[in-house]
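Reading the structure
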Amino acid sequence: MDWGEQVVSLRRRIREQRPLVHHITNLVVTNLTANVTLAVGASPVMAYAREEVADMARLAQAVVLNMGTLTEDVVEAMLLAGKAANKAGIPVVFDPVGAGATPFRTRTAQKIIKELHVDILRGNASEIAIIGGFGGQTKGVDAAGAPAQVAEMVKQVARDLNTVVAVTGATDYISDGERLLAVDNGHPLLTLVTGTGCSATAIIAAFRAVEEDGVTASAAALAYYGLAAESAAAVSQGPASFQVALLDTLYNLAGEELARGVKIRAL
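Residue indices follow the written sequence of each chain, beginning from 1 at its first position. At least 70 in pLDDT is required for a residue's local features to be given in this predicted model, at least 80 for side-chain atom pairs to be given and counted, and no such filter applies to totals for whole chains, interfaces and linings, which use all residues. Note: side-chain values were computed over all heavy atoms of the structure, leaving out hydrogens and water.

Attention now moves to the side chain of Asp-95. Counting from the N terminus, the helices are the DSSP runs of H or I reaching at least four residues and the strands are the DSSP runs of E reaching at least two. Note that Asp-95 resides in strand β4 (residues 92-95). Relative accessibility decides the category of a residue: with a 1.4 Å probe and only protein chains considered, values under 20% of the type maximum give buried, values over 50% give exposed, and everything between is partly exposed. Look at Asp-95 and you get buried, because its relative accessible area is 0%. Reaching out from Asp-95, the side chain makes a polar contact with the side chain of Thr-201 at a distance of 2.7 Å. Setting aside residues up to four positions removed in sequence, Asp-95 forms contacts with Leu-65, Asn-66, Met-67, Arg-122, Glu-127, Gly-197, Cys-198 and Thr-201. Here a polar contact is taken to be a pair of N or O atoms separated by no more than 3.5 Å, where protein atoms must pair a possible hydrogen donor with a possible acceptor and residues adjacent in sequence count only if both atoms sit in side chains. Contact between two residues is taken to exist if any of their heavy atoms lie within 4.5 Å; hydrogens are not considered.

Structure follows, in structure tokens:
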């Protein structure tokens, strides 16, 4: 596969189709997540009320469930939206923010995995290790004490849960239990702006909305996002200017520059 052409094609498809992505997400970063979704070319909606989440999910082309700011009401809303999406054949992308940090978060992540069909599970290595039974330690919403063999863990968790797993970090790993891909795009400044992991999940959902294969969608999305971060960092003075430049770069990055810059490899 020519990954450069593939990523460019999916990027173009998002802009042409403008898929609706329904987010039940982290209240700390709702604005950034919505703007990132818009910059990619998709249409965000942030609906949380139990009275409407199922209806909104049925209108969308992808649903994001994000545990960033977790309450019992949010858990109920996520399950209602997820079940409606499952019934309608709409992909669900789950971000288990902070799984392992508290028993409540860990139980919620396990409940969502058990009760819903999650199309793509996106987290850091520690979160995915906790969900997959590999141990690990989560400090706040950051990864700590992740297993050394992240790539093999990703493949095993994907196989065990029968889903696509995308672990983001210095190198991103994506697997469906059989295929295993690595993405080498990205920049350390992503770790200094809150919500960049949540934004990665949003971009994966936008790509999945126009691409049936979750592995392809996830790898393409993370390569595009990582390359945008590299380009944004080159013109930034620090985290604040980086965030602004990242939105601009996500909006502008396309064509030959995108095709040449993506770094996706099969393992």
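With that settled, the discussion passes to the sheet that holds strand β9 (residues 172-175). A pair of strands counts as paired when DSSP detects no fewer than two bridges linking them. Across the sheet, which stays open at both edges, the nine strands sit in the order β2-β1-β3-β4-β5-β8-β9-β10-β11 with mixed pairing between neighbours. Two strands close off the open sheet at either side, each with one partner strand: β2 (43-46) and β11 (264-266). Adjacent strand axes in the sheet meet at a mean angle of 20°, parallel and antiparallel pairs treated alike. Bridge count for strand β8 (residues 164-167) against β9 is three bridges, and the pairing is antiparallel. Bridge pairing in β9 links Ala-166 to Ile-174. Angles run from 0 to 180 degrees between N-to-C directions of axes, and those axes are lines fitted to C-alpha atoms, restricted for helices to the stretch in contact. Sitting on the sheet, helix α2 (residues 30-40) is in contact with β1 (20-24) and β2, with an inclination near 155° to β2. Packed on one face of the sheet, helix α4 (residues 72-88) meets β1, β3 (62-66) and β4 and runs near 150° to β1.

Next up on the list: the layout of surface pockets. Here a cavity denotes a set of grid points, spaced 1 Å apart and computed over the protein atoms alone, in which a 1.4 Å probe fits but from which it cannot get out, and a pocket denotes an open set meeting protein on both sides within 12 Å along at least five of seven lines; residues with an atom within 4 Å of a point are reported as lining. Grid points are joined across faces, edges and corners, and a volume is the space filled by probe spheres set on the points. In this structure, the largest pocket occupies an estimated 930 Å³ of space. Contributing to the lining of the largest pocket are 40 residues, with Asn-124, Thr-168, Thr-191, Thr-196 and Gly-197 lying nearest its centre. Counting only elements with at least two residues in the lining of the largest pocket, the list comes to α6 (125-132), β7 (142-144), β9, α8 (196-208) and α9 (214-233). Sorting elements by how many residues they give to the lining of the largest pocket places α8 first, with four residues. Nonpolar residues are Ala, Val, Leu, Ile, Met, Phe, Trp, Tyr, Cys and Pro. Charged residues are Asp, Glu, Lys and Arg, and all others, Gly as well, are polar. Counted by class, the lining of the largest pocket contains 19 nonpolar, 16 polar and five charged residues.

Don't take any of this as a statement about function, it's just geometry.
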